[in-house]
Amino acid sequence: FGVAIFEEGYKWFIPTILTIKEKVISSFDLLSYYVFSSIGFALSENIVFYAIPGGLSTSIRRMFLAFPSHICDALWMSLFMYLFTKYKGIYKCLFLCLGLIVPMIVHGLYNSFLYGRDPSLTIYYYIYCVVLYLSSIIILIYFYRKQKAD
């Protein structure tokens, strides 16, 4: 979870400043901020920490494992930050915190299942990925509908 705290905090910080700074923000703009921040982070992480020391095969493998995970984390972050922009009072603060905490948990669980020491538990990684990808598709549908309403 230590890696997830750093990575999600980094991907949350800059787009959140932009989100707070803008008075009116569309759901698609908000989604774009967080997803592109996440893709940029995943790309730089892949090059610096995996492609250079581990070679091209490691980098390609991570492209199919880490990139989708980072995008899913960004979708969860986008959902809560969208709700942050729509509410006032205690709910606004709650959604701001959840916009950071939930992606950290999602990312930490992903890492735990993927890098677990017991190979017999790999089935849980696949189950988790299916649930994560399906929930991310639902979030995308939610944003698509909100964009049509905006």
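Data block above holds the structure.
Here's what I pulled together on the structure shown here. (Residues numbered from 1 in each chain as written. Predicted model: local features only at pLDDT ≥ 70, side-chain atom pairs only at ≥ 80, totals over all residues. Heavy atoms only, no water.)

L30, M81, Y110, L132 and F143 are the most contacted members of the largest nonpolar core, which has 28 residues in total. When residues of this core are traced back to their parent elements, those giving at least two are α2 (27-54), α3 (56-86), α4 (90-114) and α5 (122-149). Once residues lying within four places of it in the same chain are set aside, the contact partners of Y110 are L65, A66, S69, Y125, Y128, C129 and L132. (Core = buried A, V, L, I, M, F, W, Y, C linked by side-chain atoms within 4.5 Å. Buried < 20%, exposed > 50% of the residue type's maximum accessible area, 1.4 Å probe, protein only. Helix = DSSP H or I, 4+ residues; strand = E, 2+ residues; numbered from the N terminus. Contact = heavy atoms within 4.5 Å.)

The terminal C-alpha atoms of α5, which comprises 28 residues, lie 41 Å apart, in line with the 40 Å expected from a rise of 1.5 Å per residue. The inward-facing, buried residues of α5 abut α2, α3 and α4. (Expected span 1.5 Å × (residues − 1).)

All right, on to the packing of aromatic side chains then. Counted according to the given criterion, the structure contains 13 aromatic pairs. Relative to F143, the ring of Y142 has its centre 5.9 Å away and its plane inclined at 80°; by these criteria the two rings are edge-to-face. Owing to a relative accessible area of 29%, Y142 belongs among the partly exposed residues under this scheme. According to the relative accessible area criterion, F143 is buried, its value standing at 3%. In this structure an aromatic cluster arises from ring pairing among W76, F80, Y87, Y91 and F95. Over the ring of Y50 we find R62, and its NZ or CZ is 3.7 Å from the ring centre. The positively charged end of K92 is found above the aromatic ring belonging to F84, 4.3 Å away from the centroid. (Phe/Tyr/Trp six-rings, centres within 6.5 Å; stacked < 30°, edge-to-face > 60°. Lys NZ or Arg CZ within 6 Å of the ring centre and 35° of its normal.)

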